[in-house]
Amino acid sequence: LMVVAIIGATTALFAASMALVQNDIKKVLAYSTISQLGYMFLALGVGAFAAGIFHLMTHAFFKALLFLGAGSVIHAMSDEQDVRKMGGLKKYLPTTYWTFLVAALAIVGVPPLAGFVSKDEILWKSCSSPIGHWLLWAVGSLTALLTAFYMFRLVFLAFHGTPRFGHDVHPHESPRSMTLPLSILGILSIIGGWIGWPALLGGGAWFE
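Notes on the structure in this doc start here.

Rules used throughout
Numbering of residues starts from 1 in each chain and follows the order in which that chain's sequence is written. With pLDDT at 70 or above as the cut-off, local features in this predicted model cover only qualifying residues; side-chain atom pairs require 80 or more to be listed or tallied, and sums for whole chains, interfaces and linings still use all residues. Hydrogens and waters are ignored; side-chain quantities use all the structure's heavy atoms. The numbering of helices and of strands both runs from the N terminus, where a helix is a DSSP run of H or I of at least 4 residues and a strand a run of E of at least 2. Values of the radius of gyration come from C-alpha atoms, whereas the globule rule sets the reference at 2.2 Å times the count of residues to the power 0.38. Here the term buried applies to any residue with accessible area under 20% of the maximum for its type, exposed to any over 50%, and partly exposed to those in between, with areas from a 1.4 Å probe on protein chains only. In this description, contact between two residues means that some pair of their heavy atoms is separated by no more than 4.5 Å. Each accessible area is a Shrake-Rupley estimate made with a 1.4 Å probe; only the visible protein chains count as cover when residues are assessed. Here, the term nonpolar core denotes a set of buried Ala, Val, Leu, Ile, Met, Phe, Trp, Tyr and Cys residues that are joined through side-chain atoms within 4.5 Å. Fitting a line to C-alpha atoms yields each axis, with helices limited to the stretch in contact; the angle taken between N-to-C directions then spans 0 to 180 degrees. Geometric relationships in this document are graded by angle, where less than 35 degrees denotes roughly parallel, more than 145 denotes roughly antiparallel, 65 to 115 denotes roughly perpendicular, and other angles denote oblique. In this scheme the crossing of two helices becomes right-handed for a clockwise turn of the near helix relative to the far one and left-handed for an anticlockwise turn of less than a right angle. Expected helix span is given by 1.5 Å per residue-to-residue step, counting one fewer step than there are residues. We define the bend at each residue as the angle formed by axes fitted to the 7 residues ending at it and the 7 residues starting at it. Classification used: nonpolar for Ala, Val, Leu, Ile, Met, Phe, Trp, Tyr, Cys and Pro, charged for Asp, Glu, Lys and Arg, polar for all others including Gly.

1. Quick look at the overall build of the protein
Then step 1. For the protein, the count of helices and strands is seven helices and zero strands.
Then step 2. Traced from its N-terminal end to its C-terminal end, the protein shows the element sequence α-α-α-α-α-α-α.
Then step 3. In terms of overall size, the protein behaves like a compact globule, its C-alpha atoms giving a radius of gyration of 18 Å where 208 residues would be expected to give roughly 17 Å.
Then step 4. Expressed as lengths along the three principal axes of its C-alpha atoms, the size of the protein is roughly 60 × 30 × 20 Å.
Then step 5. Across the 208 residues that make up the protein, the buried fraction comes to 49%.
Then step 6. In the protein, once contacts between residues fewer than 6 apart in sequence are set aside, the share between residues at least 24 apart is 80%.
Then step 7. For the protein, the accessible area works out to roughly 9600 Å², and carbon and sulfur atoms hold 73% of it.

2. Focus on the nonpolar core
Then step 1. One finds V73, L89, M151, L154, V155 and F159 to be the most contacted residues of the largest nonpolar core, which totals 39 residues.
Then step 2. If you list the elements that add at least two residues to this core, you get helix 1 (2–19), helix 2 (25–45), helix 3 (49–76), helix 4 (94–108), helix 6 (134–159) and helix 7 (176–191).
Then step 3. L42, A48, A51 and A144 belong to the second largest nonpolar core, which has 13 residues in total.

3. A look at the packing of helix 1 against helix 6
Then step 1. It is the contact of helix 1 with helix 6, at a shortest axis distance of 9 Å, that shows an interaxial angle of 25°. The angle between the axes of helix 1 and helix 6 places the two elements in the roughly parallel class. Crossing handedness for the pair helix 1 and helix 6: left-handed. Across from M2, A5, I6, A9, A12, L13, A16, S17 and A19 in helix 1, the residues of helix 6 making contact are L136, V139, L142, T143, L146, Y150 and R153.

4. Quick word on helix 3
Every α-helix carries 3.6 residues per turn, so stepping three or four residues along brings you back to the same face.
Then step 1. Its 28 residues give helix 3 an end-to-end C-alpha distance of 40 Å, which sits within 8% of 40 Å, the value for a rise of 1.5 Å per residue.
Then step 2. At A60, helix 3 is deflected by roughly 30°, the largest bend along its length.
Then step 3. Taken from the residues just after helix 3, S78 is the one with a positive phi, measuring 55°.

5. Things to note about the environment of G47
Then step 1. Its location among the elements puts G47 in the loop between helix 2 and helix 3.
Then step 2. Taking C-alpha positions, G47 is 7.5 Å from L1, a pair spaced 46 residues apart along the chain.

6. Quick look at helix 7
Then step 1. Helix length check: helix 7, at 16 residues, gives a terminal C-alpha distance of 23 Å against a target of 22 Å (1.5 Å per residue), a fit within 8%.
Then step 2. Looking at the packing, one finds that the buried side of helix 7 touches helix 3, helix 4 and helix 5 (114–128).

7. Some details on the packing of helix 2 against helix 3
Then step 1. Axis separation between helix 2 and helix 3 bottoms out at 9 Å; the angle between their running directions is 175°. Classed by the angle they form, the pair helix 2 and helix 3 counts as roughly antiparallel. Here I25, K26, L29, A30, S32, T33, Q36, Y39, M40, A43 and L44 of helix 2 lie close against helix 3, whose contacting residues are F49, A51, G52, H55, L56, H59, K63, L66, F67, A70, V73 and I74.
Then step 2. Across the contact of helix 2 with helix 3, the residue classes tally to 15 nonpolar, six polar and two charged.

8. Comments concerning the environment of S141
Then step 1. Looking at where S141 falls in the secondary structure, it is placed in helix 6.
Then step 2. Sequence separation of S141 and A70 is 71 residues, and the distance between their C-alpha atoms is 26 Å.
Then step 3. For S141, the contacting residues outside a window of four places in its chain are Y39 and L123.

Purely geometric stuff here, so don't read any function into it on its own.
What follows is the structure, encoded as structure tokens:
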């Protein structure tokens, strides 16, 4: 199990470092997914099997939202995927922006969103479990910090600042058939983890 935990923690950190330098919007999310899978295996390695599966569930909500949001951005940008050629899309794609922001906050682990609940449990177990170790907690915490960095790098490059696309590109919000799933996943990214709210913060002891 310790081997599994070490591989999981290393994978989480290494993939997060790769996401830091990607410029393709989908590649950032792809390496982010590998990083979160590392988190899940870290949980399995320290014996927190329920926490690992729980993170798989919450991650499904906000990562699906991020990928669909990226698709909405690519659709609006006439198939452009390079975030260096975006910027200022917030005013053109309001629904996409706000749902994407919720997903980014969730994957970073901001309370009370879904990602906070499952990542908090994994980090706690990585240190408190009889199989755990403070170094595993430290790597998991550093990975969480890198997650915040690369996700908000993506948000700011794509949605904020001065537009960097050409005059031949005319960004527009996606049709309702695309924005409705974004909104539903946005709600799940907020409340999807509440079933596992920590007992220390007034929730049930779901993982004991």
